[in-house]
Amino acid sequence: MNDISKKSAEGGFSTVGAVAALLVLAALYAFPSFVESPYALHMMILLFLSTIMGESWNIIGGYTGQYSVGHAAYFGAGAYGTLILLQKWEIAPWKGVWAGIAAALVLSLVIGSICFRLRGPYFVLASIAVAEIVRLTVLNTPSVTNGAEGILLSDLPPFKIGETVITDFVSKVPFYYIGLTLALLTILATWGVQNSKLGYFFQAIREDQDAAHSLGINLSLYKNIALALSAMMTSLAGAFYAIYIKFIDPTTVLPLDLSVQIVLIAIIGGIGTIFGPVIGSLVLVPLSEALRSNLIAQGLINSGLVKEDSGLGVFLKEHLAHAHVLIYGILVVVVILFMPDGVIGFVRKMSARKR
Amino acid sequence: MTLSVFLQSLISGILIGGVYALIGIGLTIIFGVMRVINFAHGDIMMVGMYLTFYLFTLFHVDPFVSIVITIPLMFLFGAFLQKVFINRIIGTLPQNQILLTIGLGLIISNSAMLAFTSDYKILTTSYSSGSFKLGEISISQPLTASFIITVVITAILYWFLMKTDTGQAIRATAQDREAAQLMGINVSRMSMLAFGIGAAMAGTAGALISPTYYIFPQVGSAFTLKAFVITVLGGMGSIVGATLGGIIIGIVESVGAVAISSDWKDVLVFAIFLLVLLVKPSGLLGRSRM
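Here the structure is a predicted model, which means the values were calculated and not measured.

So, the overall build of chain B
Secondary structure summary: chain B contains 11 helices and 2 strands in total. Order of helices (α) and strands (β) in chain B, N terminus to C terminus: α-α-α-α-β-β-α-α-α-α-α-α-α. Here chain B has a C-alpha radius of gyration of 19 Å; the compact-globule value for 290 residues is 19 Å, and the two agree. Projecting the C-alpha coordinates of chain B onto the three principal axes gives extents of approximately 60 × 45 × 35 Å. Across the 290 residues of chain B, 56% fall into the buried class. Put simply, 78% of the contacts in chain B that link residues at least 6 apart link residues at least 24 apart.

Comments concerning the packing of helix α2 (residues 41-59) of chain B against helix α3 (residues 63-84) of chain B
Residues and elements named next belong to chain B. Remark: α2 packs on α3, axes separated minimally by 9 Å, with the N-to-C direction vectors making an angle of 135 degrees. When the axis of α2 is compared with that of α3, the two are oblique. Note on packing geometry: the crossing formed by α2 with α3 is right-handed. Residue-level inspection shows Ile44, Val47, Gly48, Leu51, Thr52, Leu55 and Phe56 of α2 in contact with α3, the latter providing Pro63, Ser66, Ile69, Thr70, Leu73, Met74, Phe77 and Gly78. Classifying every residue of the contact of α2 with α3 by side-chain character gives 10 nonpolar, 5 polar and no charged.

A look at helix α14 (residues 276-292) of chain A
Residue and element names in this part refer to chain A. Its 17 residues place the ends of α14 24 Å apart at the C-alpha level, agreeing with the 24 Å of an ideal helix rising 1.5 Å per residue. For α14, every residue scored as buried is listed here: Gly276, Pro277, Val278, Ile279, Gly280, Ser281, Val283, Leu284 and Val285. The inward-facing, buried residues of α14 abut α3 (38-63), α13 (256-269), α17 (326-338) and α18 (342-354).

A word on the confidence of the model for chain B
Residues and elements named next belong to chain B. For chain B, per-residue confidence averages 87 on the pLDDT scale, and 98% of positions sit at 70 or higher. The secondary-structure element of chain B with the lowest mean pLDDT is strand β1 (residues 131-134), recorded at 78, while α2 shows the highest, at 94. Per the prediction output, this complex has pTM 0.86; the corresponding ipTM is 0.84.

Topic: the packing of α2(B) against helix α4 (residues 94-116) of chain B
Residues and elements named next belong to chain B. Orientation of α2 relative to α4, taken along the N-to-C sense of each, is 25 degrees, at an axis distance of 9 Å. What the angle tells us is that α2 and α4 run roughly parallel. Residue-level inspection shows Asp43, Ile44, Met46, Val47 and Tyr50 of α2 in contact with α4, the latter providing Gly105, Ile108, Ser109, Ala112 and Phe116. Grouping the amino acids of the contact of α2 with α4 by side-chain chemistry returns 7 nonpolar, 2 polar and 1 charged.

Points about the interface of chain A and chain B
With 35 residues of chain A in contact, the opposing surface of chain B contributes 37 residues. Secondary structure elements with two or more residues in the side of chain A that touches chain B: α6 (120-140), α13 and α17 of chain A.

Some points on the environment of Gly269(A)
With respect to the element layout, Gly269(A) can be found in helix α13. Along the primary structure Gly269(A) and Gly54(A) are separated by 215 residues, whereas in three dimensions their C-alpha atoms are 9.2 Å apart.

Details of α17(A)
With 13 residues, α17(A) ought to run about 18 Å at 1.5 Å a step, and its terminal C-alpha atoms sit 18 Å apart, in line with that. All buried positions along α17(A) are accounted for by Leu326(A), Ile327(A), Tyr328(A), Gly329(A), Leu331(A), Val332(A), Val333(A), Val335(A) and Ile336(A).

Considerations on unusual backbone geometry
Although it is not a glycine, Lys246(A) adopts a positive phi angle of roughly 70 degrees. Mapped onto the elements of the fold, Lys246(A) is located in the loop between α11 (219-245) and β4 (247-248). Assessed through the 15 C-beta atoms surrounding it within 10 Å, Lys246(A) is described here as partly exposed. Unlike most non-glycine residues, Thr117(B) shows phi in positive territory, near 60 degrees. Within the fold, Thr117(B) resides in the loop between α4 and β1. Residue classification places Thr117(B) among the partly exposed residues on the basis of 14 C-beta atoms within 10 Å.

What counts and how
Within each chain, residues carry numbers counting from 1 in the order of the written sequence. Naming scheme: in the order in which they are written, chains are lettered from A and ligands are numbered from 1. Note on the predicted model: pLDDT of at least 70 is required for a residue's local features to be given, and 80 or more for side-chain atom pairs to be given and counted; whole-chain, interface and lining totals, by contrast, use all residues. Helix and strand assignments follow DSSP, with helices taken as H or I runs no shorter than four residues and strands as E runs no shorter than two, numbered in order from the N terminus. Within these notes, the globule rule equals 2.2 Å times the number of residues to the 0.38 power, and the radius of gyration is based on C-alpha atoms. Any residue whose C-beta has 12 or fewer other C-beta atoms within 10 Å is treated as exposed, any with 20 or more as buried, and any in between as partly exposed, C-beta atoms being built from the backbone. The contact rule is simple: place each C-beta atom from the backbone, and if two of them lie within 7 Å, those residues are in contact. The axes are straight lines fitted to the C-alpha atoms, using for helices just the contacting stretch, and the angles between their N-to-C directions are given from 0 to 180°. In what follows, roughly perpendicular refers to angles from 65 to 115 degrees, roughly parallel to angles under 35, roughly antiparallel to angles over 145, and oblique to any angle outside these ranges. Throughout, a crossing is termed right-handed when the near helix is turned clockwise from the far one, and left-handed when it is turned anticlockwise from it by less than a right angle. All amino acids are sorted into three groups, where Ala, Val, Leu, Ile, Met, Phe, Trp, Tyr, Cys and Pro are nonpolar, Asp, Glu, Lys and Arg are charged, and the leftover types, Gly among them, are polar. How far a helix is expected to stretch is found by multiplying one less than its residue total by 1.5 Å. On a scale of 0 to 100, pLDDT captures the predictor's confidence in every residue.

In structure tokens:
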């Protein structure tokens, strides 16, 4: 009973679902024609970026059950690969990104061959250690990576096909469309994985490694495929981040915090579901942006709960913005304790109870 | 590298290794009793550092004396964390346990940032940069003091776990939770005790290094990683192993910084960590749990 309702919600397309999806898609593509506010576009771009990261992690963590807490390494590989080629040899990012993806692929195969001999918590620890080694290496080889100073992108070349300039990247609109397209592609890729034989192998490994092994599934081969896919998609997010923000350094694209945030996007929404990371992004991005831009402190003051000139008001205004990661911590604790299957699992459980 | 430089770095490695051992012991006790890897360990240590800092600046309590206050307070803090959060997820997926402790760590470090700002604080005592001379070798006074305290605390803890009834009950819970429960041991109380002791150890380590380290809200994550390396190296769940692991990592860092460069010493530590995970995942003194 439960299985059937799950199937129709995830696998097959109902007419209503298809129409709704098309409407959302059309609205998303039309969005920049109606909204000109750069801040709104920026928020949407962050949402797309977060979705790409969450969906990518979902393939190895959600579908294959291997909790990598080192995905910052792949994000950084994409970001550094693209920007180094662009700054040093003026290779356009849409070509350079392939180098970033290749770097992430090589890295994932090295990491996979080391870490997949380990299981459970040991795999988590190993993935962290490898990502830290990557971060420290980037930090300590300034001749290639500019070390702690980071790379500032001064000039992004216009995107041309032949001689026609498609876009010169002056406004945020081209980034919006790149982000949207990449996010849709990763969602599509996740859907493809979920409904393919490959995806069944992944899920069999997640459910019971030994049982999967005894049925003839080559554990290390399929874990490596899952990690490679996930790593390449994550590096795409890193490359997109790099050309959008135009500045990268080891503390923004390679820290442990980033690895943790990538995991949380999927966990909060619901791991192993197609739209979990989308939901996770919809929860996390607005909340952490609201904290970062002091909206919450201002809101508390405006609502009259806290007086602006009182000690608490001054304190909140000065410090709450720095603590936007706090929200990640609180959310993950709440999610793990009260809804371990994420928002999607929680909603499903509630609706099942009503029935 | 001359012999005296080598000896110098070897000795300071052993001294700082003592404090590392304390952090590792806390982690390993928690893991042993609950099978939970505590990712908030470094952040708990950071709380100990701030506690020491404010006891010193506000009430002029010497950092090494203040551990008498730090230990019980941190014990209560740990017991509270266990009772309210960790206790609910014992026996669930290890990944969820890891994520919960990661979340707790983020909450602790970011709350500290709200409370104390992200400024670096320095606790300067009259002896912070003092040292003994031993021929050509100079030995830091605060590190020596902290090493001696570490040895005493470790010895007391060892005695407690080996000789007292409660200690034996904790070890029994670590060995086999179900069997211990069947023997009438209150395992959830033992878990609370274990987490309290673990937090107290981490807090003490924080107190002991506060005269020689910068104090800031994010200091924890580096120590959390170090604590993992130490406990995996020694063998998850083994106290003697964690002590040994702490000293080894202290020496590797200190000698590695001189022999290679201080930029690459952490890479060296992580490389050793991976090597141990691959070659002997049960650690130097642990039984295989994989």
